[in-house]
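# Observations on chain architecture
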Amino acid sequence: MRRARPPRPILSAIVAAVVLAFGLITTLAPDRATLDPESIDPAALIEPEIEAGFRVVAELDVGPWKSFRIADAYLYTGDSQSLFVGDGPTVITDADEVFDVNLPEMEVLFGAIDADEESVAFGRTPAGPALWRSTDNVAWALELLPWEGTVRAGAMIDGRLVLIGIENDGPWFHYVTATEAPKGWLVLETTGIPHTGLISVPGGFVGRGTAPDGSGYGVLYSDDGVDWTQESDRAAAGSGAIPAFVIETDDALLLTLPGDDRVFAPPEWPIAGLWLEEGIIWIQTPGSAWSSIDGVDWQEYPINAATGIRGEFSILLPVGDTARLATLMDDRILLLRWDPGIQRGD
């Protein structure tokens, strides 16, 4: 139904009233001077300065003091890798989301890695060694492994998942290397595996043991889980993802990373943690986090005690080229992300 139009005399009256009202408002308004652009203070148009620093983005139930880098996230189990004495497991995504996950039947978690298009965790269940796989870091599927014992470390090597495990043989045991194949796992007994501190690193494994040629005891590296070379007498390590091999010179102590040709001096000593993120070297020292793409020039991210952040109770969890920190502050565990702030002239 079409609306009826008001009679023309009424419509004319309405228009006249609106015009009159506008005229009164304009007439009664205070005098306005013409705005001179040159009279504007440029500083008034600039956002106020904001100091750079770490800003709280989430609160955690347990501390990620031992975290494993997986695809687009970190996985950890609180203060222990065993569910019998600790909490977890928990995921912190690169977007600062925090949530608990279930690794079915997990008894012990030894580690987790970014396996190209999925995340893989490994450890032990009551039934034996196992993997847990996830494509979204939320749902994890259990996969039992074909030997009696456990799995200690895993790495992606030439596009395939390679595991180092321990197989029970009555009262004895031996090491095995298991390589993922199209029809299952190729499991081979392996000798020469370091007995101490065996961990996963990007593209391989690191541990402490006797050099293959019997020349001494030190830090060994393997890029296939079978052949090992002694890289250094000692390593600089902490709560980060990887250790760094120490190279002693007459002038200074230098570092190099497993599978990485760069040799560099850290910005400070001592080192509390070290990560390699998309080719960026990240180092945590007691008072700061640091990043470098070449090991020469370092960007500093101060851990400011004045704000309540204490370096000795913090762990660096970098995301690409962004510094992120988990810390104990005021009896709470907080996740903080670096905010570059706003400076005059930015």
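A few points on the structure. (Residues numbered from 1 in each chain as written. Predicted model: local features only at pLDDT ≥ 70, side-chain atom pairs only at ≥ 80, totals over all residues. Heavy atoms only, no water.)

## Some details on the overall build of the chain
How we decide: Only DSSP runs of H or I reaching four residues or more are called helices, and only runs of E reaching two or more are called strands; each is numbered from the N terminus. Only protein chains enter the area calculation, which uses a 1.4 Å probe; residues under 20% of their type maximum are buried, those over 50% are exposed, and those in between are partly exposed. The contact criterion used is simple: two residues touch if any of their non-hydrogen atoms lie within 4.5 Å. Here the open area of atoms and residues is found with the Shrake-Rupley method and a 1.4 Å probe, where only the protein chains shown may cover a residue.
Of the regular secondary structure elements, the chain holds 1 helix and 28 strands. Looking at the chain as a whole, 45% of its 346 residues qualify as buried. Across the chain, the fraction of contacts at a sequence separation of at least 24, relative to all contacts at a separation of at least 6, is 40%. Total accessible area computed for the chain in this model is approximately 19200 Å², and 54% of it derives from carbon and sulfur atoms.

## Some points on the nonpolar core
Filter applied, for reference: Note on terminology: a nonpolar core comprises buried Ala, Val, Leu, Ile, Met, Phe, Trp, Tyr and Cys residues joined through side-chain atoms within 4.5 Å.
In terms of nonpolar packing, the biggest core is built from 26 residues, with Phe 54, Leu 60, Trp 282, Tyr 301, Ile 309, Leu 317 and Leu 335 touching the most fellow members. Among the secondary structure elements, those contributing two or more residues to this core are strand 1 (53-60), strand 3 (73-76), strand 23 (280-285), strand 26 (314-316), strand 27 (324-329) and strand 28 (332-339). Looking at this core, the element that brings in the most residues is strand 28, giving 5 residues. Residues in contact with Leu 60, not counting those within four places in the same chain, are Tyr 76, Ile 92, Val 98, Ala 326, Ile 333 and Leu 335. Membership of the second largest hydrophobic core comes to 18 residues, among which are Val 206, Phe 245, Ile 271 and Trp 290.

## Structural notes on the pattern of salt bridges
Defined as follows: Any carboxyl oxygen of Asp or Glu within 4 Å of a side-chain nitrogen of Lys or Arg constitutes a salt bridge here.
For the structure shown, the criterion picks out 12 salt bridges. Across the salt bridge formed by Glu 59 and Arg 332, the nearest N and O atoms sit 3.4 Å from each other. Here Glu 59, found in strand 1, pairs with Arg 332, found in strand 28; they are 273 residues apart in sequence, far enough to count as distant. Residue classification places Glu 59 among the partly exposed positions, given a relative accessible area of 45%. Across the salt bridge formed by Arg 133 and Glu 118, the nearest N and O atoms sit 2.7 Å from each other. Of this pair, Arg 133 sits in strand 8 (residues 128-134) while Glu 118 is found in strand 7 (residues 118-125), placing the two residues 15 residues apart along the sequence. The burial state of Arg 133 is the same as that of Glu 118; both residues are buried. One connected set of salt bridges, linked through shared partners, spans Glu 118, Arg 133, Glu 143 and Glu 180.

## Some details on the sheet that holds strand 26
For clarity, the cut-off: A pair of strands is considered paired only if DSSP assigns at least 2 bridges between the two. Interaxial angle, 0 to 180 degrees, is taken between N-to-C directions of lines fitted to C-alpha atoms, where a helix line uses only the stretch in contact.
Reading across the sheet, the 4 strands line up as 1-28-27-26 and stay open at both edges, with antiparallel pairing between neighbours. For this open sheet the edge positions go to strand 1 and strand 26, each flanked by a neighbour on one side alone. Taken over all neighbouring pairs, the strand axes of this sheet differ in orientation by 25° on average, direction set aside.

## Let's talk about the pairing of strand 14 (residues 196-201)
As paired strands, strand 14 and strand 15 (residues 204-210) are joined by 4 bridges and run antiparallel to one another. Across the sheet, the residue bridging to Ser 200 is Phe 205, located in strand 15. Remark: 2 residues form the turn of the hairpin made by strand 14 and strand 15, two consecutive strands paired antiparallel; Gly 203 in that turn has positive phi of roughly 80°.

## Describing the pairing of strand 19 (residues 244-248)
In terms of strand pairing, strand 18 (residues 235-236) meets strand 19 through 2 bridges, oriented antiparallel. The partner of Ala 235 across the bridge, within strand 19, is Phe 245. Pairing analysis gives 4 bridges linking strand 19 to strand 20 (residues 253-256), with the strands arranged antiparallel. Paired with Ile 247 across the bridge in strand 20 is Leu 254. Between strand 19 and strand 20, which pair antiparallel and follow one another directly, the connecting turn spans 4 residues.

## Section: the environment of Leu 131
Within the element layout of this structure, Leu 131 appears in strand 8. On a C-alpha basis, the gap between Leu 131 and Ala 121 in space is 5.7 Å, while along the polypeptide they are 10 residues apart.

## Focus: the packing of aromatic side chains
Worth spelling out the cut-off: Ring pairs are drawn from Phe, Tyr and Trp, using the six-membered ring of Trp, whenever the two centres fall within 6.5 Å, and their geometry is named by plane angle: stacked under 30 degrees, edge-to-face over 60, tilted for the rest. Lysine NZ or arginine CZ positioned within 6 Å of the ring centre and within 35 degrees of the ring normal marks a charge as sitting over the ring.
Considering all chains together, one arrives at 7 aromatic pairs under this definition. Ring centres 6.4 Å apart and planes at 65° place the aromatic pair Tyr 221 and Phe 245 in the edge-to-face group. Of this pair, Tyr 221 sits in strand 16 (residues 217-222) while Phe 245 sits in strand 19, placing them 24 residues apart in sequence. The residues Tyr 221 and Phe 245 share a single accessibility class, namely buried. Lying over the aromatic face of Tyr 74, Arg 69 brings its terminal NZ or CZ to 4.4 Å of the ring centre. The positively charged end of Arg 152 is found above the aromatic ring belonging to Phe 110, 4.6 Å away from the centroid.

## Focus: the side chain of Arg 133
The following threshold applies: Within 3.5 Å is the distance limit for a polar contact, defined as a pair of N or O atoms, with the added protein rule that one can donate a hydrogen and the other accept it, and that residues adjacent in sequence qualify only through two side-chain atoms.
Note on Arg 133: relative accessible area 16%, which makes it buried. A distance of 2.7 Å separates a polar atom in the side chain of Arg 133 from a polar atom in the side chain of Glu 118. Beyond its immediate stretch of four places on either side in the chain, Arg 133 contacts Glu 118, Ser 119, Val 120, Ala 139, Trp 140, Ala 141, Glu 143, Leu 161, Glu 180 and Trp 185.

## Focus: the environment of Ser 67
Relative to the elements of secondary structure, Ser 67 occurs in the loop between strand 1 and strand 2 (68-70). When the C-alpha positions of Ser 67 and Leu 317 are compared, they lie 8.3 Å apart, and in sequence the two are 250 residues distant. With near-sequence residues (within four places) excluded, Ser 67 lies in contact with Tyr 74, Leu 75, Tyr 76, Trp 275 and Leu 317. Within the local environment of Ser 67, its side chain forms a polar contact with the backbone oxygen of Pro 64, the two atoms lying 2.7 Å apart.

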